[in-house]
Amino acid sequence: MTKPRRNHAIVFSFRDTVEGNGFLARVTTRGRALLANDDNSWWVYGVQPGAIADSGDSPQGAYASFRQAFTKVLFDFAAGAANFTEFERDVQAFIAAVDESEEGRWRSAVEALRSGEQEPEAPFDQLPRVNADEYDYGVVVERLDVGQRHFTPEENRIDEYALTNCA
Amino acid sequence: MLDECAEGYEWVDSKPHNFQVKWKDKTYPSLPKGEHGKSASKIEIERGHVRKMARFFDILDCAKKALEQL
């Protein structure tokens, strides 16, 4: 019988629309994080971006808090940026900053699942799975308030998150 | 803790939602401002956030010595 895991490697995709000083921006992020039970709370620790975390009473609550915390960071960048260029620079730097020690724990969690050493318990067993090595991590920052910009409903995206899979 | 483990750090208190900490070439932009608002003398930040920041800055061993509760 396999032991329940305490750490869970997840990937996520967020799309945010942010109003700044004289600009409107869209930020599409594909990142990774570690879900862990620490101090009798559930925590989502950012791996990439690495400079963020948040907690909740349940895995779902921690994820919801993490999602909101992520948007708040973007709003802070917007408040401090004089223009779109500064905002884009700050967002790119934030997303690019990998937490290397967290990445080690994340990779261990991926390998534990991939090798079959451990199986995801509820509610993680209900999450979609993706291959950690094939996920395209990074961020796209677009300026939306430009002339001739054509909007379509096909550009709408719902948040996604998944457990890294076991091949 | 930062005084001991991240000498020369910069504490930024000008953002709407979070404190920022800058040290060396890294920025930690997501220390949430709690219920006590911006009063630096009443800052309460969950230790998970502090532990995460310490890991990000690679100063966790020093931080644990400075803050036993970590």
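Residues numbered from 1 in each chain as written. Chains lettered and ligands numbered in written order. Predicted model: local features only at pLDDT ≥ 70, side-chain atom pairs only at ≥ 80, totals over all residues. Heavy atoms only, no water.

Participant: Honestly, the side chain of arginine 32 of chain A in this entry has me stumped. Any pointers?
Facilitator: Structurally, arginine 32 of chain A is set in strand S2 (residues 23-38). Among the residues examined, arginine 32 of chain A registers a relative accessible area of 5% and is labelled buried. (Helix = DSSP H or I, 4+ residues; strand = E, 2+ residues; numbered from the N terminus. Buried < 20%, exposed > 50% of the residue type's maximum accessible area, 1.4 Å probe, protein only.)

Participant: What am I meant to see in the state of the cysteines here?
Facilitator: Covalently bonding the sulfur atom of one cysteine to the sulfur atom of another cysteine gives a disulfide. Residue and element names in this part refer to chain B. Taken as a whole and judged by the stated rule, the model has one disulfide over all chains. Across a sulfur-sulfur distance of 2.1 Å, cysteine 5 and cysteine 62 are joined as a disulfide pair. The sign of the -85° torsion about the S-S bond sets the cysteine 5-cysteine 62 disulfide as left-handed. With a gap of 57 residues between them, cysteine 5 in helix H1 (residues 2-5) and cysteine 62 in helix H3 (residues 60-66) connect regions that are remote in the sequence. By relative accessible area, cysteine 5 is classed as buried at 9%. (Disulfide = S-S within 2.5 Å.)

Participant: In this structure, what is going on with the interface of chain B and chain A? I would like to understand it.
Facilitator: Many structure descriptions define interface size as the accessible area lost when the parts assemble. At the interface, 17 residues of chain B touch 25 residues of chain A. At the boundary of chain B with chain A, total buried surface from both sides reaches about 1,700 Å², with 52% on carbon and sulfur atoms. For the pair chain B and chain A, the number of links is five salt bridges. Between aspartate 39 of chain A and arginine 47 of chain B there is a salt bridge whose closest N-O contact spans 3.4 Å. (Contact = heavy atoms within 4.5 Å. Buried area = accessible area lost by both parts, 1.4 Å probe. Salt bridge = Lys/Arg side-chain N within 4 Å of Asp/Glu carboxyl O.)

Participant: Is there a simple way to think about helix H2 (residues 84-96) of chain A in this case?
Facilitator: Helical geometry: 3.6 residues make up each α-helical turn, so side chains three or four residues apart lie on a common side. With 13 residues, H2 of chain A extends 18 Å between its outermost C-alpha atoms, agreeing within 8% with the 18 Å of an ideal straight helix rising 1.5 Å per residue. Listed in full, the buried residues belonging to H2 of chain A are Phe84, Phe87, Val91, Phe94 and Ile95 of chain A. For H2 of chain A, the angular spread of the buried residues around the axis is 95°, confining them to a single face. Facing away from the buried side of H2 of chain A by over 90 degrees, the exposed positions are Thr85, Arg89 and Ala96 of chain A. In this structure, the buried side of H2 of chain A is in contact with strand S1 (7-20), S2, strand S3 (41-48), helix H1 (59-80) and strand S6 (138-143) of chain A together with strand S3 (26-32) of chain B. Between the side-chain oxygen at the start of H2 of chain A and the backbone nitrogen of threonine 85 of chain A there is a gap of 3.2 Å, and the oxygen is on asparagine 83 of chain A. (Expected span 1.5 Å × (residues − 1). Arc of directions from axis to C-beta. Polar contact = N/O pair within 3.5 Å; in protein donor to acceptor, adjacent residues only side chain to side chain.)

Participant: For this particular structure, what's the right way to read helix H2 (residues 47-57) of chain B?
Facilitator: All names here are of chain B. Most of H2 is tucked away, with 10 of its 11 residues classed as buried. Buried residues of H2: Gly48, His49, Val50, Arg51, Lys52, Met53, Ala54, Arg55, Phe56 and Phe57, and no others. Immediately downstream of H2, the backbone of aspartate 58 shows phi near 60°, a positive value.

Participant: Explain the sheet that holds strand S2 (residues 18-23) of chain B here, please?
Facilitator: Sheet strands associate in pairs through backbone hydrogen bonding, adopting either a parallel or an antiparallel arrangement. Residue and element names in this part refer to chain B. Pairing in this open sheet of three strands is antiparallel, and the strands run S1-S2-S3 from one edge to the other. This sheet does not close on itself; its edge strands, each paired only once, are strand S1 (10-12) and S3. On average, each strand axis in the sheet is inclined to that of its neighbour by 20°, with strand direction left out of account. Where S2 and S3 come together, five bridges link them in antiparallel fashion. Bridging from a neighbouring strand, valine 21 pairs with tyrosine 28 of S3. (Pairing = 2+ DSSP bridges. Axes fitted to C-alpha atoms, helices over the stretch in contact; angles between N-to-C directions.)

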